[in-house]
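Residues per chain, in single letters:
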Number of protein chains: 2
Amino acid sequence: MAVMTEQAQPPRRRARAPRERSRTSHSIDAVIAGAIEILDESGSQGLTTRALATRLGGGPASIYWYVSGREELLDLAADSVLGGVLAAVSDVGREGSGDPIENVRTIAVAMFDVIVDRPWLGAYAMRNTARQVHSLQLYEKLGEQIMRLGLSPRDCFHATSAIVGFVIGTAADMGQQLPPEVASGDVGRDEYLAGAVHQWRALDPEEYPFIHHIVDEFAGHDDRDQFRAGLDLLLDGLHLSAGR
Amino acid sequence: MAVMTEQAQPPRRRARAPRERSRTSHSIDAVIAGAIEILDESGSQGLTTRALATRLGGGPASIYWYVSGREELLDLAADSVLGGVLAAVSDVGREGSGDPIENVRTIAVAMFDVIVDRPWLGAYAMRNTARQVHSLQLYEKLGEQIMRLGLSPRDCFHATSAIVGFVIGTAADMGQQLPPEVASGDVGRDEYLAGAVHQWRALDPEEYPFIHHIVDEFAGHDDRDQFRAGLDLLLDGLHLSAGR
DNA sequence: ACCTGAACACCGTTCAAGT
DNA sequence: ACCTGAACACCGTTCAAGT
(Lines give C-alpha, C1' and ligand atoms only; values in the text may rest on other atoms or scores of the structure.)
Protein backbone atom coordinates (compact mmCIF):
# COMPACT_ATOMS: atom_id res chain seq x y z
CA MET A 1 0.00 0.00 0.00
CA ALA A 2 1.36 3.35 -0.95
CA VAL A 3 1.37 6.49 1.03
CA MET A 4 -1.98 8.08 1.81
CA THR A 5 -3.20 11.43 0.63
CA GLU A 6 -4.90 14.64 1.68
CA GLN A 7 -6.55 15.11 4.99
CA ALA A 8 -8.90 17.78 3.74
CA GLN A 9 -12.31 16.48 2.78
CA PRO A 10 -14.31 18.09 0.01
CA PRO A 11 -17.75 19.46 0.83
CA ARG A 12 -19.74 16.41 -0.05
CA ARG A 13 -23.28 15.78 1.17
CA ARG A 14 -26.09 13.42 0.44
CA ALA A 15 -28.81 14.72 -1.78
CA ARG A 16 -32.30 14.79 -0.34
CA ALA A 17 -35.39 13.61 -2.15
CA PRO A 18 -35.97 16.03 -5.01
CA ARG A 19 -38.85 18.43 -4.40
CA GLU A 20 -39.47 19.43 -7.94
CA ARG A 21 -38.90 17.48 -11.07
CA SER A 22 -37.75 20.45 -13.03
CA ARG A 23 -34.03 19.59 -12.77
CA THR A 24 -32.18 16.33 -12.50
CA SER A 25 -30.97 15.46 -9.05
CA HIS A 26 -28.13 13.17 -8.08
CA SER A 27 -26.48 11.80 -4.99
CA ILE A 28 -22.91 10.68 -4.44
CA ASP A 29 -24.06 7.13 -4.50
CA ALA A 30 -25.70 7.62 -7.86
CA VAL A 31 -22.64 9.39 -9.18
CA ILE A 32 -20.34 6.60 -8.04
CA ALA A 33 -22.66 3.90 -9.29
CA GLY A 34 -22.83 5.59 -12.68
CA ALA A 35 -19.07 5.89 -12.76
CA ILE A 36 -18.64 2.20 -12.00
CA GLU A 37 -21.05 1.28 -14.77
CA ILE A 38 -19.10 3.27 -17.30
CA LEU A 39 -15.79 1.97 -16.01
CA ASP A 40 -16.96 -1.61 -16.32
CA GLU A 41 -18.24 -1.02 -19.80
CA SER A 42 -15.42 0.97 -21.28
CA GLY A 43 -12.56 1.25 -18.84
CA SER A 44 -10.83 4.20 -17.30
CA GLN A 45 -10.56 5.91 -20.66
CA GLY A 46 -14.30 5.79 -21.12
CA LEU A 47 -15.05 7.63 -17.92
CA THR A 48 -15.26 11.22 -19.04
CA THR A 49 -17.06 13.99 -17.26
CA ARG A 50 -19.44 14.31 -20.15
CA ALA A 51 -20.16 10.61 -20.48
CA LEU A 52 -21.00 10.38 -16.80
CA ALA A 53 -23.14 13.50 -16.89
CA THR A 54 -25.07 12.17 -19.86
CA ARG A 55 -25.71 8.90 -18.09
CA LEU A 56 -26.96 10.75 -15.04
CA GLY A 57 -29.08 12.97 -17.22
CA GLY A 58 -27.48 16.27 -16.30
CA GLY A 59 -24.76 18.71 -17.18
CA PRO A 60 -21.03 17.99 -16.87
CA ALA A 61 -20.52 20.52 -14.14
CA SER A 62 -22.95 18.93 -11.70
CA ILE A 63 -20.52 16.19 -10.82
CA TYR A 64 -18.15 18.69 -9.29
CA TRP A 65 -20.51 19.32 -6.50
CA TYR A 66 -20.07 15.78 -5.25
CA VAL A 67 -16.47 15.19 -6.10
CA SER A 68 -13.37 17.34 -6.32
CA GLY A 69 -12.38 15.94 -9.70
CA ARG A 70 -11.80 12.90 -11.80
CA GLU A 71 -9.09 11.42 -9.58
CA GLU A 72 -11.28 11.46 -6.53
CA LEU A 73 -14.11 9.95 -8.52
CA LEU A 74 -11.90 7.04 -9.55
CA ASP A 75 -10.71 6.58 -5.97
CA LEU A 76 -14.25 6.49 -4.69
CA ALA A 77 -15.40 4.11 -7.41
CA ALA A 78 -12.52 1.75 -6.62
CA ASP A 79 -13.23 1.92 -2.93
CA SER A 80 -16.89 1.24 -3.49
CA VAL A 81 -16.09 -1.99 -5.29
CA LEU A 82 -13.67 -2.99 -2.54
CA GLY A 83 -16.49 -2.40 -0.11
CA GLY A 84 -18.20 -5.33 -1.78
CA VAL A 85 -15.17 -7.51 -1.16
CA LEU A 86 -15.08 -6.42 2.44
CA ALA A 87 -18.70 -7.40 2.90
CA ALA A 88 -18.13 -10.73 1.19
CA VAL A 89 -15.33 -11.70 3.56
CA SER A 90 -16.79 -10.17 6.68
CA ASP A 91 -17.04 -13.51 8.44
CA VAL A 92 -13.51 -14.61 7.69
CA GLY A 93 -11.47 -14.80 10.87
CA ARG A 94 -14.25 -13.53 13.12
CA GLU A 95 -13.19 -13.70 16.76
CA GLY A 96 -10.01 -15.49 15.91
CA SER A 97 -11.62 -18.31 13.98
CA GLY A 98 -9.77 -20.34 11.37
CA ASP A 99 -6.10 -20.56 10.53
CA PRO A 100 -4.72 -17.06 10.09
CA ILE A 101 -2.74 -17.88 6.97
CA GLU A 102 -5.75 -19.56 5.38
CA ASN A 103 -7.79 -16.51 6.22
CA VAL A 104 -5.24 -14.27 4.56
CA ARG A 105 -5.37 -16.47 1.52
CA THR A 106 -9.14 -16.25 1.37
CA ILE A 107 -9.17 -12.48 1.62
CA ALA A 108 -6.36 -12.03 -0.87
CA VAL A 109 -8.05 -14.27 -3.42
CA ALA A 110 -11.31 -12.38 -3.03
CA MET A 111 -9.52 -9.11 -3.67
CA PHE A 112 -7.69 -10.48 -6.65
CA ASP A 113 -10.81 -11.88 -8.24
CA VAL A 114 -12.59 -8.59 -8.13
CA ILE A 115 -9.70 -6.63 -9.56
CA VAL A 116 -8.94 -9.00 -12.40
CA ASP A 117 -12.48 -8.66 -13.64
CA ARG A 118 -12.21 -4.90 -13.58
CA PRO A 119 -8.93 -3.83 -15.11
CA TRP A 120 -9.54 -0.19 -14.28
CA LEU A 121 -9.49 -1.01 -10.58
CA GLY A 122 -5.82 -1.93 -10.37
CA ALA A 123 -4.53 1.59 -10.61
CA TYR A 124 -6.86 3.02 -7.97
CA ALA A 125 -7.35 0.28 -5.40
CA MET A 126 -5.94 0.88 -1.95
CA ARG A 127 -3.93 3.90 -2.70
CA ASN A 128 -5.44 6.57 -0.53
CA THR A 129 -6.77 5.55 2.85
CA ALA A 130 -7.97 9.05 3.54
CA ARG A 131 -10.78 8.78 1.05
CA GLN A 132 -10.86 5.00 0.71
CA VAL A 133 -12.38 3.72 3.91
CA HIS A 134 -13.06 0.23 2.68
CA SER A 135 -9.51 -0.12 1.49
CA LEU A 136 -8.31 0.85 4.91
CA GLN A 137 -10.62 -1.68 6.49
CA LEU A 138 -9.43 -4.40 4.17
CA TYR A 139 -5.85 -3.57 5.05
CA GLU A 140 -6.80 -3.69 8.71
CA LYS A 141 -8.54 -7.00 8.28
CA LEU A 142 -5.59 -8.64 6.56
CA GLY A 143 -3.30 -7.18 9.18
CA GLU A 144 -5.34 -8.55 12.03
CA GLN A 145 -4.90 -12.07 10.72
CA ILE A 146 -1.19 -11.56 10.37
CA MET A 147 -0.96 -10.17 13.89
CA ARG A 148 -2.08 -13.56 15.10
CA LEU A 149 1.16 -15.08 13.86
CA GLY A 150 3.05 -13.50 16.72
CA LEU A 151 5.49 -11.49 14.66
CA SER A 152 7.06 -8.21 15.68
CA PRO A 153 5.21 -5.05 14.67
CA ARG A 154 7.82 -4.46 12.04
CA ASP A 155 7.49 -7.93 10.52
CA CYS A 156 3.74 -7.59 10.73
CA PHE A 157 3.85 -4.37 8.82
CA HIS A 158 6.19 -5.75 6.20
CA ALA A 159 4.24 -8.96 5.69
CA THR A 160 0.90 -7.23 5.34
CA SER A 161 2.28 -4.69 2.95
CA ALA A 162 3.93 -7.41 0.89
CA ILE A 163 0.67 -9.26 0.51
CA VAL A 164 -1.30 -6.18 -0.43
CA GLY A 165 1.43 -5.16 -2.84
CA PHE A 166 1.46 -8.56 -4.45
CA VAL A 167 -2.30 -8.77 -4.81
CA ILE A 168 -2.81 -5.31 -6.21
CA GLY A 169 0.33 -5.33 -8.29
CA THR A 170 -0.29 -8.68 -9.88
CA ALA A 171 -3.93 -8.00 -10.53
CA ALA A 172 -3.19 -4.59 -12.00
CA ASP A 173 -0.51 -6.04 -14.19
CA MET A 174 -2.71 -8.81 -15.48
CA GLY A 175 -5.72 -6.66 -16.10
CA GLN A 176 -3.63 -3.94 -17.60
CA GLN A 177 -3.86 -2.49 -20.99
CA LEU A 178 -5.04 -5.33 -23.03
CA PRO A 179 -5.24 -3.52 -26.32
CA PRO A 180 -8.70 -2.02 -26.78
CA GLU A 181 -9.90 -4.65 -29.26
CA VAL A 182 -9.27 -7.28 -26.61
CA ALA A 183 -10.65 -5.27 -23.74
CA SER A 184 -13.89 -4.66 -25.59
CA GLY A 185 -14.18 -8.33 -26.42
CA ASP A 186 -13.87 -8.03 -30.17
CA VAL A 187 -10.80 -10.20 -30.27
CA GLY A 188 -10.84 -13.24 -28.04
CA ARG A 189 -8.27 -13.25 -25.30
CA ASP A 190 -7.16 -16.67 -26.48
CA GLU A 191 -6.37 -15.54 -29.98
CA TYR A 192 -4.58 -12.63 -28.50
CA LEU A 193 -2.45 -14.82 -26.27
CA ALA A 194 -1.73 -16.98 -29.27
CA GLY A 195 -0.12 -14.00 -30.95
CA ALA A 196 2.32 -13.52 -28.09
CA VAL A 197 3.01 -17.24 -27.97
CA HIS A 198 3.78 -17.29 -31.66
CA GLN A 199 6.20 -14.47 -31.17
CA TRP A 200 7.94 -16.16 -28.28
CA ARG A 201 8.36 -19.38 -30.21
CA ALA A 202 10.09 -17.49 -32.97
CA LEU A 203 12.86 -16.36 -30.59
CA ASP A 204 16.29 -17.94 -30.83
CA PRO A 205 16.35 -20.87 -28.34
CA GLU A 206 20.03 -20.33 -27.64
CA GLU A 207 19.38 -16.79 -26.56
CA TYR A 208 16.07 -17.41 -24.84
CA PRO A 209 16.21 -20.85 -23.22
CA PHE A 210 13.87 -19.86 -20.42
CA ILE A 211 11.20 -18.47 -22.70
CA HIS A 212 11.24 -21.70 -24.65
CA HIS A 213 11.14 -23.70 -21.45
CA ILE A 214 7.91 -22.12 -20.31
CA VAL A 215 6.17 -21.08 -23.49
CA ASP A 216 3.77 -24.01 -23.40
CA GLU A 217 2.81 -23.16 -19.86
CA PHE A 218 2.30 -19.58 -20.84
CA ALA A 219 0.17 -20.62 -23.77
CA GLY A 220 -2.34 -22.49 -21.64
CA HIS A 221 -2.12 -20.54 -18.43
CA ASP A 222 -4.93 -19.21 -16.31
CA ASP A 223 -4.39 -15.89 -14.55
CA ARG A 224 -6.05 -17.10 -11.40
CA ASP A 225 -3.82 -20.17 -11.15
CA GLN A 226 -0.80 -18.04 -11.74
CA PHE A 227 -1.82 -15.63 -9.01
CA ARG A 228 -2.56 -18.39 -6.55
CA ALA A 229 0.77 -20.06 -7.17
CA GLY A 230 2.58 -16.81 -6.43
CA LEU A 231 0.49 -16.22 -3.35
CA ASP A 232 1.37 -19.72 -2.16
CA LEU A 233 5.06 -18.89 -2.35
CA LEU A 234 4.53 -15.72 -0.37
CA LEU A 235 2.42 -17.43 2.27
CA ASP A 236 4.88 -20.31 2.53
CA GLY A 237 7.56 -17.77 3.23
CA LEU A 238 5.34 -16.10 5.79
CA HIS A 239 4.57 -19.40 7.46
CA LEU A 240 8.26 -20.10 7.69
CA SER A 241 9.08 -16.76 9.24
CA ALA A 242 6.25 -17.16 11.73
CA GLY A 243 7.87 -20.35 12.96
CA ARG A 244 11.16 -18.72 13.79
CA MET B 1 4.05 -9.90 -16.58
CA ALA B 2 0.89 -9.29 -18.47
CA VAL B 3 -0.01 -10.37 -21.91
CA MET B 4 2.04 -9.06 -24.79
CA THR B 5 0.82 -6.87 -27.59
CA GLU B 6 0.86 -6.26 -31.32
CA GLN B 7 3.16 -8.02 -33.68
CA ALA B 8 3.00 -5.27 -36.26
CA GLN B 9 5.93 -2.88 -36.09
CA PRO B 10 5.53 0.77 -37.04
CA PRO B 11 7.73 2.15 -39.81
CA ARG B 12 10.55 3.41 -37.66
CA ARG B 13 14.03 4.15 -38.97
CA ARG B 14 17.17 5.83 -37.78
CA ALA B 15 17.72 9.35 -38.96
CA ARG B 16 20.87 10.05 -40.92
CA ALA B 17 23.17 12.97 -40.28
CA PRO B 18 21.27 16.11 -41.30
CA ARG B 19 22.41 17.56 -44.63
CA GLU B 20 21.00 21.01 -44.21
CA ARG B 21 20.40 22.94 -41.07
CA SER B 22 17.19 24.41 -42.31
CA ARG B 23 14.96 22.01 -40.38
CA THR B 24 15.38 20.23 -37.10
CA SER B 25 16.22 16.59 -37.33
CA HIS B 26 15.63 13.87 -34.75
CA SER B 27 16.24 10.19 -34.26
CA ILE B 28 14.31 7.66 -32.22
CA ASP B 29 17.02 7.70 -29.66
CA ALA B 30 16.77 11.45 -29.32
CA VAL B 31 13.00 11.24 -29.11
CA ILE B 32 13.14 8.60 -26.41
CA ALA B 33 15.87 10.40 -24.50
CA GLY B 34 13.84 13.60 -24.59
CA ALA B 35 10.78 11.75 -23.41
CA ILE B 36 12.68 10.25 -20.48
CA GLU B 37 13.97 13.67 -19.47
CA ILE B 38 10.48 15.09 -19.38
CA LEU B 39 9.11 12.05 -17.58
CA ASP B 40 11.78 12.32 -14.91
CA GLU B 41 11.14 16.00 -14.46
CA SER B 42 7.40 16.09 -14.47
CA GLY B 43 5.97 12.60 -14.63
CA SER B 44 3.67 10.92 -17.06
CA GLN B 45 1.31 13.86 -17.02
CA GLY B 46 4.05 16.18 -18.15
CA LEU B 47 4.86 14.21 -21.26
CA THR B 48 2.70 15.88 -23.87
CA THR B 49 3.31 15.82 -27.58
CA ARG B 50 3.86 19.52 -27.57
CA ALA B 51 6.23 19.56 -24.62
CA LEU B 52 8.38 16.89 -26.22
CA ALA B 53 8.34 18.62 -29.60
CA THR B 54 9.40 21.89 -28.01
CA ARG B 55 12.26 20.19 -26.22
CA LEU B 56 13.39 18.62 -29.47
CA GLY B 57 13.01 21.93 -31.22
CA GLY B 58 10.41 20.87 -33.76
CA GLY B 59 6.71 20.61 -34.43
CA PRO B 60 4.38 18.26 -32.55
CA ALA B 61 3.67 16.14 -35.59
CA SER B 62 7.28 15.11 -36.16
CA ILE B 63 7.19 12.62 -33.30
CA TYR B 64 4.64 10.54 -35.13
CA TRP B 65 7.17 9.59 -37.68
CA TYR B 66 9.14 7.69 -35.06
CA VAL B 67 6.41 6.40 -32.88
CA SER B 68 2.83 5.34 -33.43
CA GLY B 69 1.53 7.38 -30.53
CA ARG B 70 1.91 8.30 -26.92
CA GLU B 71 1.43 4.79 -25.58
CA GLU B 72 4.24 3.40 -27.66
CA LEU B 73 6.44 6.29 -26.64
CA LEU B 74 5.89 5.49 -22.99
CA ASP B 75 6.56 1.82 -23.61
CA LEU B 76 9.81 2.58 -25.37
CA ALA B 77 10.92 5.04 -22.72
CA ALA B 78 10.26 2.48 -20.00
CA ASP B 79 12.09 -0.19 -21.90
CA SER B 80 15.03 2.07 -22.47
CA VAL B 81 15.44 2.61 -18.74
CA LEU B 82 15.15 -1.12 -18.12
CA GLY B 83 17.91 -1.57 -20.65
CA GLY B 84 20.13 0.21 -18.18
CA VAL B 85 19.19 -2.26 -15.48
CA LEU B 86 19.89 -5.12 -17.82
CA ALA B 87 23.35 -3.78 -18.53
CA ALA B 88 24.03 -3.21 -14.85
CA VAL B 89 23.27 -6.82 -13.95
CA SER B 90 24.76 -8.39 -17.05
CA ASP B 91 27.38 -10.28 -15.08
CA VAL B 92 24.98 -11.72 -12.53
CA GLY B 93 24.71 -15.46 -12.90
CA ARG B 94 27.01 -15.66 -15.93
CA GLU B 95 27.65 -19.27 -16.88
CA GLY B 96 25.83 -20.55 -13.85
CA SER B 97 27.84 -18.57 -11.31
CA GLY B 98 26.52 -17.72 -7.87
CA ASP B 99 23.52 -18.98 -5.95
CA PRO B 100 20.45 -18.74 -8.17
CA ILE B 101 18.22 -17.34 -5.49
CA GLU B 102 20.77 -14.72 -4.56
CA ASN B 103 21.05 -13.81 -8.21
CA VAL B 104 17.31 -13.40 -8.47
CA ARG B 105 17.42 -11.17 -5.43
CA THR B 106 20.12 -9.02 -6.97
CA ILE B 107 18.26 -8.57 -10.22
CA ALA B 108 14.95 -7.91 -8.52
CA VAL B 109 16.45 -5.28 -6.26
CA ALA B 110 18.10 -3.56 -9.20
CA MET B 111 14.76 -3.40 -11.00
CA PHE B 112 12.98 -2.12 -7.96
CA ASP B 113 15.49 0.61 -7.31
CA VAL B 114 15.17 2.02 -10.77
CA ILE B 115 11.39 2.01 -10.74
CA VAL B 116 11.00 3.57 -7.33
CA ASP B 117 13.06 6.53 -8.43
CA ARG B 118 10.90 6.98 -11.50
CA PRO B 119 7.25 6.70 -10.55
CA TRP B 120 6.12 6.96 -14.15
CA LEU B 121 7.90 3.70 -14.94
CA GLY B 122 5.66 1.47 -12.88
CA ALA B 123 2.74 1.56 -15.24
CA TYR B 124 4.75 0.84 -18.37
CA ALA B 125 7.52 -1.51 -17.32
CA MET B 126 7.42 -5.03 -18.71
CA ARG B 127 4.01 -4.94 -20.17
CA ASN B 128 4.58 -5.50 -23.82
CA THR B 129 7.39 -7.78 -24.83
CA ALA B 130 6.74 -7.14 -28.50
CA ARG B 131 8.10 -3.64 -28.32
CA GLN B 132 10.01 -3.94 -25.07
CA VAL B 133 13.05 -6.04 -25.86
CA HIS B 134 14.96 -5.25 -22.69
CA SER B 135 11.97 -6.18 -20.59
CA LEU B 136 11.81 -9.50 -22.34
CA GLN B 137 15.51 -10.04 -21.75
CA LEU B 138 15.16 -9.19 -18.09
CA TYR B 139 12.32 -11.66 -17.79
CA GLU B 140 14.47 -14.22 -19.54
CA LYS B 141 17.38 -13.52 -17.24
CA LEU B 142 15.35 -13.90 -14.08
CA GLY B 143 13.82 -17.05 -15.51
CA GLU B 144 17.17 -18.60 -16.30
CA GLN B 145 18.19 -18.34 -12.67
CA ILE B 146 14.97 -19.91 -11.55
CA MET B 147 15.37 -22.71 -14.06
CA ARG B 148 18.47 -23.73 -12.15
CA LEU B 149 16.34 -24.65 -9.15
CA GLY B 150 15.13 -27.76 -10.94
CA LEU B 151 11.42 -26.98 -10.84
CA SER B 152 8.88 -28.09 -13.42
CA PRO B 153 8.26 -25.75 -16.34
CA ARG B 154 4.97 -24.83 -14.77
CA ASP B 155 6.48 -23.99 -11.39
CA CYS B 156 9.24 -22.14 -13.16
CA PHE B 157 6.74 -20.04 -15.01
CA HIS B 158 4.71 -19.33 -11.93
CA ALA B 159 7.70 -18.42 -9.78
CA THR B 160 9.21 -16.08 -12.33
CA SER B 161 5.91 -14.38 -12.96
CA ALA B 162 5.33 -14.01 -9.25
CA ILE B 163 8.64 -12.28 -8.76
CA VAL B 164 8.17 -9.93 -11.69
CA GLY B 165 4.65 -9.19 -10.53
CA PHE B 166 5.82 -8.45 -7.04
CA VAL B 167 8.66 -6.21 -8.13
CA ILE B 168 6.69 -4.18 -10.62
CA GLY B 169 3.54 -4.12 -8.58
CA THR B 170 5.17 -3.03 -5.36
CA ALA B 171 7.36 -0.46 -7.05
CA ALA B 172 4.45 0.95 -9.02
CA ASP B 173 2.34 1.13 -5.91
CA MET B 174 5.01 2.89 -3.90
CA GLY B 175 5.95 5.35 -6.59
CA GLN B 176 2.37 5.99 -7.44
CA GLN B 177 0.49 9.16 -7.28
CA LEU B 178 2.18 11.02 -4.58
CA PRO B 179 0.16 14.18 -4.86
CA PRO B 180 1.87 16.63 -7.23
CA GLU B 181 3.29 18.85 -4.49
CA VAL B 182 5.15 15.87 -3.13
CA ALA B 183 6.22 14.53 -6.50
CA SER B 184 7.70 17.86 -7.44
CA GLY B 185 9.53 18.05 -4.14
CA ASP B 186 7.76 21.09 -2.76
CA VAL B 187 6.46 19.24 0.24
CA GLY B 188 8.88 16.87 1.90
CA ARG B 189 7.93 13.23 1.75
CA ASP B 190 8.43 13.03 5.51
CA GLU B 191 5.93 15.73 6.27
CA TYR B 192 3.60 14.07 3.89
CA LEU B 193 3.93 10.71 5.61
CA ALA B 194 3.38 12.49 8.89
CA GLY B 195 -0.05 13.53 7.69
CA ALA B 196 -1.09 9.95 7.04
CA VAL B 197 0.38 8.85 10.35
CA HIS B 198 -1.57 11.51 12.19
CA GLN B 199 -4.72 10.33 10.52
CA TRP B 200 -4.07 6.70 11.43
CA ARG B 201 -3.42 7.54 15.06
CA ALA B 202 -6.77 9.24 15.25
CA LEU B 203 -8.59 6.01 14.38
CA ASP B 204 -10.46 4.12 17.07
CA PRO B 205 -8.04 1.54 18.54
CA GLU B 206 -10.88 -0.89 19.16
CA GLU B 207 -11.84 -0.84 15.54
CA TYR B 208 -8.33 -0.64 14.11
CA PRO B 209 -6.03 -2.66 16.37
CA PHE B 210 -3.70 -3.58 13.53
CA ILE B 211 -3.24 -0.05 12.31
CA HIS B 212 -2.32 1.02 15.81
CA HIS B 213 0.01 -1.94 16.15
CA ILE B 214 2.07 -0.92 13.15
CA VAL B 215 1.66 2.82 12.91
CA ASP B 216 5.08 3.51 14.42
CA GLU B 217 6.69 1.21 11.91
CA PHE B 218 4.83 2.89 9.13
CA ALA B 219 5.91 6.28 10.40
CA GLY B 220 9.59 5.51 10.15
CA HIS B 221 9.61 3.05 7.31
CA ASP B 222 11.85 2.99 4.28
CA ASP B 223 10.35 1.81 1.00
CA ARG B 224 13.44 -0.17 0.11
CA ASP B 225 13.44 -2.06 3.41
CA GLN B 226 9.79 -2.79 2.99
CA PHE B 227 10.33 -4.12 -0.50
CA ARG B 228 13.27 -6.27 0.50
CA ALA B 229 11.37 -7.77 3.40
CA GLY B 230 8.56 -8.79 1.07
CA LEU B 231 11.01 -10.15 -1.46
CA ASP B 232 12.62 -12.21 1.30
CA LEU B 233 9.29 -13.84 2.06
CA LEU B 234 8.77 -14.67 -1.57
CA LEU B 235 12.27 -16.06 -2.02
CA ASP B 236 12.01 -18.06 1.20
CA GLY B 237 8.89 -19.63 -0.21
CA LEU B 238 10.65 -20.31 -3.46
CA HIS B 239 13.61 -21.86 -1.68
CA LEU B 240 11.25 -24.11 0.19
CA SER B 241 9.43 -25.26 -2.91
CA ALA B 242 12.74 -25.91 -4.67
CA GLY B 243 13.64 -28.32 -1.87
CA ARG B 244 10.58 -30.46 -2.34
C1' DA C 1 -28.20 23.68 -1.59
C1' DC C 2 -27.79 22.01 -5.94
C1' DC C 3 -27.68 22.19 -10.93
C1' DT C 4 -26.90 24.41 -15.75
C1' DG C 5 -24.56 26.10 -20.13
C1' DA C 6 -21.13 28.00 -21.98
C1' DA C 7 -16.54 28.94 -22.00
C1' DC C 8 -11.35 28.23 -21.22
C1' DA C 9 -7.17 26.11 -21.79
C1' DC C 10 -5.42 22.12 -23.11
C1' DC C 11 -4.70 17.59 -25.22
C1' DG C 12 -3.48 13.53 -28.88
C1' DT C 13 -3.69 12.84 -33.54
C1' DT C 14 -4.21 13.73 -38.58
C1' DC C 15 -3.16 15.60 -42.92
C1' DA C 16 -1.97 18.23 -46.82
C1' DA C 17 1.92 20.47 -47.81
C1' DG C 18 6.66 21.46 -47.83
C1' DT C 19 11.87 20.20 -48.35
C1' DA D 1 12.58 10.29 -46.18
C1' DC D 2 11.51 13.38 -42.84
C1' DC D 3 9.50 17.53 -40.97
C1' DT D 4 5.92 21.52 -40.56
C1' DG D 5 1.60 24.23 -39.30
C1' DA D 6 -2.73 24.26 -38.88
C1' DA D 7 -6.74 22.03 -37.93
C1' DC D 8 -10.03 18.53 -35.71
C1' DA D 9 -12.32 16.44 -32.12
C1' DC D 10 -12.06 15.93 -27.58
C1' DC D 11 -11.00 16.54 -22.71
C1' DG D 12 -11.16 18.24 -17.38
C1' DT D 13 -12.38 22.11 -15.00
C1' DT D 14 -14.34 26.74 -13.87
C1' DC D 15 -17.74 30.12 -13.25
C1' DA D 16 -21.50 33.22 -13.42
C1' DA D 17 -26.03 32.37 -13.43
C1' DG D 18 -30.17 30.10 -12.44
C1' DT D 19 -33.66 27.61 -9.22
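Predicted model, so just to flag it, every value in this text is computed and none were measured.

1. Details of the protein's contact with DNA strand C
Inference 1: In the vicinity of DNA strand C there are 23 residues, among which A:H26, A:A61, A:W65, A:Y66 and B:R23 approach most closely.
Inference 2: Of all DNA strand C atoms lying within 4 Å of any protein atom, the proportion belonging to sugar or phosphate reaches 52%.
Inference 3: A distance of 2.7 Å separates a phosphate oxygen of DNA strand C from a polar side-chain atom of A:T24.
Inference 4: Here a phosphate oxygen of DNA strand C sits 3.5 Å away from a polar atom, N or O, in the main chain of B:L47.
Inference 5: Across the surface near DNA strand C, the residue classes tally to 7 nonpolar, 9 polar and 7 charged.

2. Some remarks on the protein's contact with DNA strand D
Inference 1: In the vicinity of DNA strand D lie 23 residues, with A:R23, B:H26, B:A61, B:W65 and B:Y66 positioned nearest.
Inference 2: Atoms of DNA strand D within 4 Å of the protein: sugar and phosphate make up 51%, bases the balance.
Inference 3: Separating a phosphate oxygen of DNA strand D from a backbone N or O atom of A:T49 is a distance of 2.8 Å.
Inference 4: Contact distances for DNA strand D include 2.7 Å between a base nitrogen and a side-chain N or O atom of A:R50.
Inference 5: Across the surface near DNA strand D, the residue classes tally to 7 nonpolar, 9 polar and 7 charged.

3. Here's the deal with the UniProt feature "domain: HTH tetR-type" (unreviewed entry) in chain A
Inference 1: According to UniProt, the positions carrying the feature "domain: HTH tetR-type" (unreviewed entry) are residues 25-85 of chain A.
Inference 2: Here residues 25-85 of chain A is 70% helix and 0% strand, with 29 Å between the C-alpha atoms at its ends.

4. What about the packing of aromatic side chains?
Inference 1: Under the criterion given, the structure shown has 14 aromatic pairs over all chains.
Inference 2: An angle of 80° between the planes, with centres 5.3 Å apart, marks the rings of A:W65 and A:Y66 as edge-to-face.
Inference 3: With 5.9 Å between their ring centres and 45° between their planes, A:W200 and B:Y139 make a pair best called tilted. Here the residue A:W200 occupies a position in helix 8 (residues 189-201), and B:Y139 occupies one in helix 5 (residues 133-147), the pair thus bridging two chains.

5. What to know about the relation of the copies chain B and chain A
Inference 1: Each copy of the sequence occupies a distinct position, and chain B is placed on chain A by a rotation of 180° and an axial shift of 0.0 Å, giving an RMSD of 0.0 Å. Here the two chains are linked by the operation of a two-fold rotation axis. When C-alpha positions in chain B are compared against the rotation axis, the closest is assigned to B:G169, at 1.7 Å.
Inference 2: Of the residues that chain B buries at the interface, 100% are likewise interface residues in chain A, meaning the two copies contact each other through the same surface.

6. Description of the interface of chain B and chain A
Inference 1: Chain B puts 70 residues into the contact, and the matching count from chain A is 70 residues.
Inference 2: Interface of chain B and chain A: buried area, both sides summed, is about 6200 Å²; carbon and sulfur atoms make up 66% of it.
Inference 3: Along the contact surface separating chain B from chain A lie 2 salt bridges.
Inference 4: The partner of A:E217 in a salt bridge is B:R154, and the shortest N-O contact between them spans 3.3 Å.
Inference 5: Elements with a minimum of two residues in the side of chain B that touches chain A: helix 5, helix 6 (153-175), helix 8 (189-201), helix 9 (209-219) and helix 10 (223-242) of chain B.
Inference 6: For the side of chain B that touches chain A, a count of residues per class yields 36 nonpolar, 21 polar and 13 charged.

Conventions adopted
- Residues numbered from 1 in each chain as written.
- Chains lettered and ligands numbered in written order.
- Predicted model: local features only at pLDDT ≥ 70, side-chain atom pairs only at ≥ 80, totals over all residues.
- Heavy atoms only, no water.
- Near = heavy atom within 4 Å.
- Polar contact = N/O pair within 3.5 Å; in protein donor to acceptor, adjacent residues only side chain to side chain.
- Nonpolar A, V, L, I, M, F, W, Y, C, P; charged D, E, K, R; others polar.
- UniProt positions renumbered as here; feature names shortened; annotations may be inferred.
- Helix = DSSP H or I, 4+ residues; strand = E, 2+ residues; numbered from the N terminus.
- Phe/Tyr/Trp six-rings, centres within 6.5 Å; stacked < 30°, edge-to-face > 60°.
- Least-squares fit on C-alpha atoms with pLDDT ≥ 70 in both.
- Contact = heavy atoms within 4.5 Å.
- Buried area = accessible area lost by both parts, 1.4 Å probe.
- Salt bridge = Lys/Arg side-chain N within 4 Å of Asp/Glu carboxyl O.

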